[in-house]
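# Results of the structural survey
Listed here are the chains, written in short residue letters.
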Amino acid sequence: MSFNHLVLIGGGHSNVLLLRKWLMKPYLMPTCPISIISRDFNLVYSAMYPGIVAQEFKIDEALIDIYSLANRSKISFINDEVISINFLQKKILFEKRPF
């Protein structure tokens, strides 16, 4: 028996853009279970950093809500930090979880 599970590690721009793409075009989404692992619930949109530093924007205006994107995409969100990946055993070790 084979079981596939797509795991996105980190709430970086590439993963966030992928979630957004799947929201806009759900037919592109894989049929296997999908999870995103991120230590943060939000991501600061880096293109807005200069405006934040110049105080043209508040930090809240530059946040991308990863948790909400995952929820709307029907993707499980794991709030933790990856400390190790064992590719041979197909296991991901977390900071806060004893698995």
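Scroll up to find the structure this text is about.
Being a predicted model, the structure only gives us computed values, none of them experimental. (Residues numbered from 1 in each chain as written. Predicted model: local features only at pLDDT ≥ 70, side-chain atom pairs only at ≥ 80, totals over all residues. Heavy atoms only, no water.)

Each strand in a sheet pairs with another by means of backbone hydrogen bonds, the pair being arranged parallel or else antiparallel. Pairing in this open sheet of three strands is parallel, and the strands run E1-E2-E5 from one edge to the other. Only two strands of the sheet have a single partner each, and these edge strands are strand E1 (6-9) and strand E5 (76-79). This sheet shows a mean twist of 20° between the axes of neighbouring strands, independent of strand direction. (Pairing = 2+ DSSP bridges. Helix = DSSP H or I, 4+ residues; strand = E, 2+ residues; numbered from the N terminus. Axes fitted to C-alpha atoms, helices over the stretch in contact; angles between N-to-C directions.)

Moving on, we get to the layout of surface pockets. Within this model, the largest pocket holds a volume of roughly 420 Å³. If you trace the largest pocket, you find 15 residues lining it, with His 5, Val 7, Lys 90, Lys 91 and Ile 92 closest to the centre. Counting residues per element, the ones that place at least two in the lining of the largest pocket are E1, strand E2 (34-38), strand E6 (82-86) and strand E7 (91-94). Among the elements that line the lining of the largest pocket, the one with the most residues is E7, at three residues. Taken together, the residues that form the lining of the largest pocket break down as nine nonpolar, four polar and two charged. Estimates place the volume of the second largest pocket at around 190 Å³. (1 Å grid on protein atoms, 1.4 Å probe; cavity = no way out; pocket = protein on both sides within 12 Å on 5 of 7 lines; lining within 4 Å. Points joined across faces, edges and corners; volume = space filled by probe spheres on them. Nonpolar A, V, L, I, M, F, W, Y, C, P; charged D, E, K, R; others polar.)

Moving on, we get to the environment of Leu 8. Inspection of the secondary structure puts Leu 8 in strand E1. Taking the C-alpha atoms as reference points, Leu 8 and Ile 37, separated by 29 residues in sequence, lie 6.2 Å from one another. Residues in contact with Leu 8, not counting those within four places in the same chain, are Asn 15, Leu 18, Leu 19, Trp 22, Ile 34, Ser 35, Ile 36 and Ile 37. (Contact = heavy atoms within 4.5 Å.)

The next subject is a nonpolar patch on the surface. A surface patch of nonpolar side chains, amounting to about 360 Å² of accessible area, comprises Val 7, Ile 9, Ile 85 and Phe 87. Structurally, Ile 9 can be placed in strand E1. Looking at Ile 9, the relative accessible area reads 38%, which means it is partly exposed. (Patch = residues over 30% accessible without salt bridge, like charges linked within 9 Å, V, L, I, M, F, W, Y side chains within 5 Å. Areas by Shrake-Rupley, 256 points an atom, 1.4 Å probe, with all protein chains shown as cover. Salt bridge = Lys/Arg side-chain N within 4 Å of Asp/Glu carboxyl O. Buried < 20%, exposed > 50% of the residue type's maximum accessible area, 1.4 Å probe, protein only.)

By themselves, these observations are geometric and do not establish any function.
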